[in-house]
Amino acid sequence: MASPQQGSSIAAPPYTEYQGLMFPSTVPKETLEAMKTFEMRDGDVVIVSYPKTGSHWVMQIVHGIITANTATLERSRLEFGGKQPYHVQLRDSPSPRLMATNLPVHVAPP
């Protein structure tokens, strides 16, 4: 069995701890810290739910209602991201912005 010092293929833990809560390792601590200063706008629509409760479907429905199925609207999950974190992409997006999150109240943006 290889030791960690020999550069074995030990996988990163699937979770990271932040403020006493466990988050998937796909949610960087930097993103969670950025939620403290993320600015919400009057026109923002935020769907808050527990994980795996159908928020993707609700986003699709709300998107259709807001745009009357005629336009694209910026939508994303606050705590995740691709090449650039979604909270960074949303800063420059026009209103209204449609967001979903599974963050608890004390970690979510003010």
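Preceding this section is the structure that the text describes.
Calculation notes
- Residues numbered from 1 in each chain as written.
- Predicted model: local features only at pLDDT ≥ 70, side-chain atom pairs only at ≥ 80, totals over all residues.
- Heavy atoms only, no water.
- Helix = DSSP H or I, 4+ residues; strand = E, 2+ residues; numbered from the N terminus.
- Buried < 20%, exposed > 50% of the residue type's maximum accessible area, 1.4 Å probe, protein only.
- Contact = heavy atoms within 4.5 Å.
- Areas by Shrake-Rupley, 256 points an atom, 1.4 Å probe, with all protein chains shown as cover.
- Expected span 1.5 Å × (residues − 1).
- Salt bridge = Lys/Arg side-chain N within 4 Å of Asp/Glu carboxyl O.
- Pairing = 2+ DSSP bridges.

**Some thoughts on the overall build of the protein**
Stage number 1. Looking only at helices and strands, the protein has 3 helices and 5 strands in total.
Stage number 2. Helices (α) and strands (β) of the protein occur, in sequence order from the N terminus, as β-β-α-β-α-β-α-β.
Stage number 3. Among the 110 residues that make up the protein, the fraction classed as buried is 32%.
Stage number 4. Restricting the contact set of the protein to residue pairs at least 6 apart, pairs at least 24 apart contribute 54%.
Stage number 5. Element-wise, carbon and sulfur atoms account for 58% of the exposed surface of the protein, whose accessible area totals about 7,500 Å².

**So, helix α2 (residues 55-67)**
Stage number 1. For α2, spanning 13 residues, the distance from its first C-alpha to its last is 18 Å, which sits close to the expected 18 Å at 1.5 Å a residue.
Stage number 2. Burial in α2 covers these residues: Ser55, Met59, Val62, His63, Gly64 and Thr67.
Stage number 3. Positive backbone phi, at 55°, marks Ala68, one or two positions downstream of α2.

**Description of the side chain of Thr16**
Stage number 1. Along the polypeptide, Thr16 turns up in strand β1 (residues 15-18).
Stage number 2. Given the relative accessible area of 18%, Thr16 is considered buried.
Stage number 3. Beyond its immediate sequence surroundings of up to four residues, Thr16 is in contact with Leu21, Met22, Phe23, Pro24, Ser25, Val27 and Lys29.

**Here we look at the pattern of salt bridges**
Stage number 1. Under the counting rule described, the total for this entry stands at 2 salt bridges.
Stage number 2. With a closest N to O distance of 3.0 Å, Glu33 and Lys36 form a salt bridge.
Stage number 3. According to the relative accessible area criterion, Lys36 is partly exposed, its value standing at 48%.
Stage number 4. Salt-bridge contacts for Asp44 lead to Arg97; the nearest nitrogen and oxygen are separated by 2.7 Å. Here Arg97 lies in the loop between α3 (86-91) and β5 (98-101) and Asp44 lies in the loop between α1 (29-34) and β3 (45-48), a separation of 53 residues in the sequence.
Stage number 5. Residue classification places Arg97 among the buried residues on the basis of a relative accessible area of 1%.

**Let's talk about the pairing of β5**
Stage number 1. Side chains Leu98 and Ala100 project from β5 onto one buried face, and the interleaved Met99 and Thr101 project onto a second face that is buried too.
Stage number 2. In the sheet, β3 pairs with β5 via 4 bridges, with the strands oriented parallel. Considered in β5, the bridge of Val45 is made with Leu98.

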